[in-house]
Amino acid sequence: MELAVSALRGSGTETAYDGLSAQQLIEIYRLMFLSRRLDDREILLKRQQKIYFQISGAGHEALQVAAGLALRPGYDWFFPYYRDRGLCLALGVTPEEMMLQSVGAATDPASGGRQMPTHWSSPALHIVSTSSCTGTQILHGVGCAEAGRYFSRHPEAGAKHEGDYRAFHDVSFHGDEVSLVCLGEGATSEGEFWEAMNTASNGKLPVLFCVEDNGYAISVPVEVNTPGGNISRIVANFPNFHFAEIDGTDPVVCLRAFKAAAEHCRAGRGPAFVHGHCTRPYSHSLSDDDKLYRSTAEREADALRDPISRMRERLIHEGILSEAQLADLERSVDREAEEAADRALQAPLPRVEDIPRNVYSEDLDPCGPAFAAKPAPPAEDGGKTVPPKTMVELINSCLHDEMNRDPRIVVYGEDVADASREQALAEVKGKGGVFKLTSGLQTRFGSDRVFNSPLAEANIVGRAVGYALRGMKPVVEIQFFDYIWPAMHQIRNELSVLRWRSNGSWAAPVVIRAPIGGYISGGSIYHSQSGESIFTHIPGLRVVFPSNALDANGLLRTAIRCDDPVLFLEHKRLYREAYGRAPYPGPDFTIPFGKAKIVRPGADLTLVTYGALVPRALQAAEQARREHGIETEILDLRTLSPYDWEAIAESVRKTNRVIVAQEDMISWGYGAEIAARIASDLFEDLDAPVKRIGSMDTFVAYQPILEDAILPQPSEILKAIVDLRRY
Ligand SMILES: Cc1ncc(C[n+]2csc(CCOP(=O)(O)OP(=O)(O)O)c2C)c(N)n1
Ligand SMILES: [Mg+2]
């Protein structure tokens, strides 16, 4: 009676049931029933306190199994929702693999005991690691589809390459692949859903959206989430889409709909949207009781549409299986679920000493000697030395060099293209970013590689995750650090955690460039923000903050070549400053992360800082020497996560006095962590309290008199230096 799932993906030999054979219908039922019984088994285990969480796919089985059968595991790409057990069973995840996650086993292939049950992942099947966030995955599916199309158009970019992140990211792609993204009807209220619809539609991307509409988002009914109560009606005017609104409890109807939708995507006609109405017999999760907010009549009506009982009745009604044969099948499924659970309960548990593994890449260390390089000698121009370059110029030249070297790099963001309407480029110079950092990239490398995003920051970062997990290197721009916040959810909950939560199976080594900081006279609240500590507080993310043109060039190159996600902070005030200009260091200049630079040696006290406070500290230190004979040693951290503790400790052991200076607000800032560690680990070496410098605990004001008073100035640094010498 059992039939290989693969047979279902071909056409049936009999045509009585919408092209499906009786055998295929039986196999569909078996998968649906297996999904339900695995949920039941988990519920039992949860009640016995052998597992710790349960959320079920009950009521969604027909839609999910059909989606899995209409698509091709290991060929198409899958971004499931957290309750997609039926989908994953149909794609080939085994019951035992599922139960290993339920018990949190070391051998859980999806996460090694790090994620809740039904948070899927299988690189072999192309099931991308699922988070608990409602909506983030939709943008990943879009970026993934873009990457597939990019590789189809530029197959040479997929070639293996040693010496950078590419050595650890093999590429596979198919010209007619589809990216499936699944979500609940509640999640269609998330901004990320609309940001994904935007780009999928605009780019005619092969993304298949599957909305599993069970009528509720926990206790919130669909009409509260969706105006008019029907998402299909709202999205109907998006161009290039194929739409289908279907009975999500009938697997035959669902299979037909998914096959037609996939065909539309594979033919390059654009995205597809399948909206299936299903049921939710088991409440939201085992932590929820829907009797608290649903009427009895409503729950009873829902039960009448249960996909399992409907399909069962159909098999009997059509004479495909007798009651006795069904009972046999169901007994064998029960046994399978029970055996899977029993084996999982015997599995080894994860080891505490492995907790830190896979926070960062274990293949490529950006702090290592491979990234230590010397700048090329300054170029000469007819006997004259070429004038040194600004930070803007050396970041721009790094982007040119790296794009030239690595065809997997794409650059996008708001206004980063020279001109989206390419024909204009014959007569105009091009925009190339509001600060001109990306100038000339689109003209040189083409609109496939350098393009404008919609004005939507989660879109920028979310798509980048999708690109990167396919082995590409998105180097994206957030126009101002002040506007990074809509992307925070993607950065905190997806970008930085993907490697850890999948136990090293997936990674998204994206570079996010963001102009940051104040001192620009008139920048005000929304063009002067700092806030680096909010990002150094995120494990898995590297945070870089250069103070001069040469460091910016070398650190950006390391950021691009490395295998971790990097937030690359560029201080706007330093972009065109006379301070810190440098000759072009050549196309292979890299600086390792986590190596501070002593920008001024001194024996009397240590000043630890970074970014725009480096030139301000230098100014104060010179004055302290001139007026007070104090020699200050200034350390420029250059990268904030990781940071160079050894350099700090060595200097403090020598000077016994230390100031930590930052531009950001003093309370809860980056310097607080450094100061605390010095106080704790170097207590014996200190002759004076650890001093901190930072801005007032307010926002940055527009009027320059206010801005000057709010942000730390050289005069305050000087005062702190002199004060500290009094001990
Ligand atoms: C961004 C985010 N906000 C809130 C939650 C908490 N939450 C988990 S599931 C859920 C409801 C989701 O409803 P829907 O999208 O309809 O999917 P369903 O659970 O009904 O399948 C909420 C609010 C979350 N996981 N992520
Ligand atoms: Mg729902």
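Residues numbered from 1 in each chain as written. Chains lettered and ligands numbered in written order. Predicted model: local features only at pLDDT ≥ 70, side-chain atom pairs only at ≥ 80, totals over all residues. Heavy atoms only, no water.

Novice: Could you give an account of helix α20 (residues 549–561), with specific residues and numbers?
Specialist: For α20, spanning 13 residues, the distance from its first C-alpha to its last is 19 Å, which sits close to the expected 18 Å at 1.5 Å a residue. Counting buried positions along α20 gives twelve out of 13 residues, so the element sits mostly inside the fold. Residues of α20 that are buried include every one of A549, D551, A552, N553, G554, L555, L556, R557, T558, A559, I560 and R561, and no others. The residue sitting at the N-terminus of α20 and contributing the capping side-chain oxygen is N548; that oxygen lies 3.2 Å from the backbone nitrogen of L550. (Helix = DSSP H or I, 4+ residues; strand = E, 2+ residues; numbered from the N terminus. Expected span 1.5 Å × (residues − 1). Buried < 20%, exposed > 50% of the residue type's maximum accessible area, 1.4 Å probe, protein only. Polar contact = N/O pair within 3.5 Å; in protein donor to acceptor, adjacent residues only side chain to side chain.)

Novice: Requested: an account of a nonpolar patch on the surface, with residues and values cited.
Specialist: Where nonpolar side chains cluster on the molecular surface, the patch consists of I525, Y526 and F699 and spans about 340 Å² of accessible area. Considering the arrangement of structural elements, one finds I525 in the loop between β13 (511–516) and α19 (532–536). Assessed through its relative accessible area of 31%, I525 is described here as partly exposed. (Patch = residues over 30% accessible without salt bridge, like charges linked within 9 Å, V, L, I, M, F, W, Y side chains within 5 Å. Areas by Shrake-Rupley, 256 points an atom, 1.4 Å probe, with all protein chains shown as cover. Salt bridge = Lys/Arg side-chain N within 4 Å of Asp/Glu carboxyl O.)

Novice: Describe the sheet that holds strand β12 (residues 473–477), naming the residues involved and giving the relevant values.
Specialist: Within the open sheet, the seven strands sit side by side as β11-β10-β12-β13-β15-β14-β19. Their pairing is mixed. The sheet is open, and its two edges are formed by β11 (450–452) and β19 (639–641), each paired on a single side. Looking at each pair of strands side by side, their axes are set apart by 20 degrees on average, direction ignored. Two strands pair when backbone bridges link them, and strand β10 (residues 409–413) and β11 are joined in this way by three bridges, in the parallel orientation. Paired with Y412 across the strands is F451, a residue of β11. (Pairing = 2+ DSSP bridges. Axes fitted to C-alpha atoms, helices over the stretch in contact; angles between N-to-C directions.)

Novice: Talk me through the coordination of the magnesium ion (ligand 2); I want residue IDs and the actual numbers.
Specialist: Within the protein, the magnesium ion (ligand 2) binds to E185 (OE), E185 (OE), N214 (OD1) and Y216 (O); these donor distances fall in the range 2.1 to 2.7 Å. Mapped onto the polypeptide sequence, the residues donating to the magnesium ion (ligand 2) form the spacing pattern E-x28-N-x1-Y. One end of the pair, E185, is in the loop between β2 (179–184) and α7 (191–202); the other, N214, is in the loop between β3 (207–213) and β4 (216–217), and 29 residues separate them in sequence. In terms of burial, E185 and N214 fall into one category: buried. (Donors = N, O, S within 2.8 Å, 3.2 Å for Na, K, Ca; no water.)

Novice: If you had to explain the nonpolar core to someone new, which residues and values would you point to?
Specialist: Within the largest apolar cluster, 153 residues are counted, with the highest numbers of intra-cluster contacts made by L208, F209, F258, I491, F535 and I678. With eleven residues, helix α2 (residues 22–47) is the single largest residue contributor to this core. What L208 contacts, discounting residues up to four positions off in sequence, is L71, V178, S179, L180, V181, F258, A261, A262, C265, A272 and V274. Core analysis: the next-biggest nonpolar cluster, separate from the first, contains 61 residues, F435, I560, A612 and L718 among them. (Core = buried A, V, L, I, M, F, W, Y, C linked by side-chain atoms within 4.5 Å. Contact = heavy atoms within 4.5 Å.)

Novice: Tell me about the site of ligand 1, residues and numbers included.
Specialist: Residues in contact with ligand 1 amount to 18 residues; listed here are only the nearest, Y81, Y82, R83, S132 and Y216. Taking G186, its main chain carries an N or O atom lying 2.8 Å from an oxygen atom of ligand 1. Burial of ligand 1 by the protein chains amounts to 73% of its free accessible area of 580 Å². Partitioning the shell around ligand 1 into residue classes produces seven nonpolar, eight polar and three charged. (Near = heavy atom within 4 Å. Nonpolar A, V, L, I, M, F, W, Y, C, P; charged D, E, K, R; others polar.)

Novice: Give a detailed account of the pairing of β3, specifying residues and quantitative values.
Specialist: For β3, the tally of buried residues reaches seven of seven residues, placing the bulk of the element in the interior. Neither face of β3 is exposed, since V207, F209, V211 and D213 on one face and L208, C210 and E212 on the opposite face are all buried. One ladder, built from six bridges, connects β2 with β3; its direction is parallel. Considered in β3, the bridge of S179 is made with V207.

Novice: Before we move on, could you go through unusual backbone geometry and cite the residues and values that matter?
Specialist: Residue P642 is bonded to the preceding S641 through a cis peptide linkage, with omega at 10 degrees. Looking at the element boundaries, P642 is found in the loop between β19 and α22 (645–655). Phi at Q49 is positive, roughly 60 degrees, even though this residue is not glycine. The residue Q49 is located in the loop between α2 and α3 (61–70) in this model. Positive phi, close to 70 degrees, is recorded for K436, a residue that is not glycine. Among the structural elements, K436 can be located in the loop between β10 and α15 (441–445).

Novice: Break down the pattern of salt bridges for me, with residues and values.
Specialist: The full count for this structure, using the stated rule, is 52 salt bridges. Notably, a salt bridge pairs D302 with R294, separated by 3.6 Å at the nearest N-O pair. An identical accessibility class is assigned to D302 and R294; each is buried. Residues E577 and R573 are paired through a salt bridge, measuring 3.1 Å at the closest nitrogen-oxygen approach. Members of the salt-bridge network, linked through shared partners, are D164, R166, D401, E402, R405, D406, R557, R561 and D588.

Novice: Give me the pairing of strand β17 (residues 605–609): which residues, what numbers.
Specialist: Regular strands place side chains that alternate from one sheet face to the opposite one. Here β17 lies mainly inside the structure; five of its five residues are buried. Neither face of β17 is open: one carries L605, L607 and T609, the other T606 and V608, and all of them are buried. Here β17 pairs with strand β18 (residues 632–636) via five bridges, running parallel. Residue pairing across strands places T606 opposite E633, the latter belonging to β18. Handedness of the β-α-β unit built from β17, helix α21 (residues 613–628) and β18 comes out right-handed. Here β17 runs beside strand β20 (residues 658–665); their pairing, made up of three bridges, is parallel. Bridged to L607 within β20 is I659. (Right-handed = clockwise from strand over helix to strand, strands pointing away.)

So, to be careful, I would describe these as geometric facts and stop short of saying anything about function.
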